[in-house]
Amino acid sequence: MKVLATRRYPGPAFDELSEVEVGPLSARREDVEAVIVANFGVGYDRIDLEACAARGVAVTNTPGVLDAATADLTFALILAVRRRVVEGDRLVRAGQWRGSWSEGFLGRDVTGSTLGIVGLGRIGSAVAHRARGFDLRVLYTQRRRVDTDLGEYHELDDLLRESDVVTIHAPRTPETEGLIDARRLALMCDGACIVNTARGEIVDEQALVRELSSGRLHAGLDVFAHEPNVPGELVGLPNVVLTPHIGSATVETRAAMTRLVVDNILAAERGEPLLTPVTPR
């Protein structure tokens, strides 16, 4: 079976594909007999599942293998923002550190604060597990309330009011796009932090820019509404830490994602059930 891929994916599993053509997939191909869209990532909001299903195109993704890496980055952003790590780094590099103490350079505690998780799925649950190590009070919200000891269920508005840190781990769907809008951002307490490693479209980006520009809120952002474009207003703000969509960007995790992509393709070649099929809701 010949495989068409947009790029060569990391990890040794990719070499198990016998015949691979790497390049853009936009041109019409007369030599394609069957199609499986093996998505390199867990989110599939940019794939038209209805159109794929109507044409008999199978779609897979890579759930599970990137939970830990994304949860780790979430906590990296929480710590960086609350303890002003990036600001401190810039201060030292600029030669502006004076004395043995950074007088007036105060962050906020992580230990003992309240963490609000929007979406307690695989990644949100992994974040909640890590929160125990920081003695955090954990609140969560999602469409369905679940019986769990990972956190206390709150409606979204109440969660936003009570949390020192809000972290987003919901998928992008028509229901969640723009979920955190200007009204809901205004519910967050002064000095609170919002972290997003999910999808930029879940937050009203311009409303968030206004809140961050005012200095009322802080943020750690790994995703944006129009990637790779980042609102210019955010670049110079000291109360924002920006990363280039690297939630799953570790050597080990990307290799595991490639392994799952390849295993789905090989299963299709053998006529076996796909490991992680995605179907329209």
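Above this text is the structure in question.
What comes next concerns the included structure. (Residues numbered from 1 in each chain as written. Predicted model: local features only at pLDDT ≥ 70, side-chain atom pairs only at ≥ 80, totals over all residues. Heavy atoms only, no water.)

**A few points about the state of the cysteines**
Evaluation of the coordinates by the stated rule reveals zero disulfides. Note on Cys-189: no disulfide assigned, nearest cysteine sulfur contributed by Cys-193 at a separation of 11 Å. (Disulfide = S-S within 2.5 Å.)

**Description of helix α9 (residues 251-270)**
The terminal C-alpha atoms of α9, which comprises 20 residues, lie 29 Å apart, in line with the 28 Å expected from a rise of 1.5 Å per residue. By the burial criterion, the buried members of α9 are Thr-253, Met-257, Thr-258, Leu-260, Val-261, Val-262, Asn-264, Ile-265, Leu-266 and Ala-267. Of the residues trailing α9, Gly-271 is marked for its positive phi of about 75°. (Helix = DSSP H or I, 4+ residues; strand = E, 2+ residues; numbered from the N terminus. Expected span 1.5 Å × (residues − 1). Buried < 20%, exposed > 50% of the residue type's maximum accessible area, 1.4 Å probe, protein only.)

**With respect to unusual backbone geometry**
Glycine aside, negative phi is the norm for most residues, and most peptide bonds take the trans geometry. Residue Pro-228 is reached from Glu-227 by a cis peptide bond, and omega for that bond is 5°. Topologically, Pro-228 is positioned in the loop between β10 (218-221) and α8 (232-235). Even without being glycine, His-245 reaches a positive phi, approximately 55°. Among the structural elements, His-245 can be located in the loop between β11 (240-242) and α9.

**As for a nonpolar patch on the surface**
A grouping of Val-230, Val-235 and Leu-242 is seen on the molecular surface, where their side chains present a nonpolar patch of about 210 Å² in accessible area. Mapped onto the elements of the fold, Val-230 is located in the loop between β10 and α8. Val-230 gets classed as partly exposed once you look at its relative accessible area, which sits at 32%. (Patch = residues over 30% accessible without salt bridge, like charges linked within 9 Å, V, L, I, M, F, W, Y side chains within 5 Å. Areas by Shrake-Rupley, 256 points an atom, 1.4 Å probe, with all protein chains shown as cover. Salt bridge = Lys/Arg side-chain N within 4 Å of Asp/Glu carboxyl O.)

**A word on the pairing of β10**
Alignment of strand β9 (residues 193-196) against β10, held across four bridges, turns out to be parallel. Paired with Ile-194 across the bridge in β10 is Ala-219. The pairing of β10 with β11 spans three bridges and is parallel. Paired with Ala-219 across the bridge in β11 is Val-240. (Pairing = 2+ DSSP bridges.)

**A look at the environment of Leu-25**
Looking at where Leu-25 falls in the secondary structure, it is placed in the loop between β2 (19-22) and β3 (36-38). For Leu-25, a relative accessible area of 47% translates into the label partly exposed.

**Overview of the pattern of salt bridges**
Under the counting rule described, the total for this entry stands at 21 salt bridges. The partner of Asp-15 in a salt bridge is Arg-8, with the nearest N and O atoms 2.4 Å apart. For Arg-8, a relative accessible area of 43% corresponds to the partly exposed category. Between Asp-72 and Arg-130 there is a salt bridge, with the nearest N and O atoms lying 2.7 Å from each other.

**Observations concerning the packing of helix α2 (residues 67-82) against helix α4 (residues 122-131)**
Contact geometry for α2 and α4: axes closest at 8 Å, N-to-C directions at 55°. For the element pair α2 / α4, the angle class is oblique. By crossing handedness, the relation of α2 to α4 is classed as right-handed. Seen from α2, the contacting residues are Asp-67, Ala-68, Thr-70, Ala-71, Asp-72, Thr-74 and Phe-75; seen from α4, they are Arg-122, Ile-123, Ala-126, Val-127, Arg-130 and Ala-131. When grouped by side-chain class, the residues that make up the contact of α2 with α4 number seven nonpolar, two polar and four charged. (Axes fitted to C-alpha atoms, helices over the stretch in contact; angles between N-to-C directions. Parallel < 35°, antiparallel > 145°, perpendicular 65-115°, else oblique. Left-handed = near helix turned anticlockwise from the far one by under 90°. Contact = heavy atoms within 4.5 Å. Nonpolar A, V, L, I, M, F, W, Y, C, P; charged D, E, K, R; others polar.)

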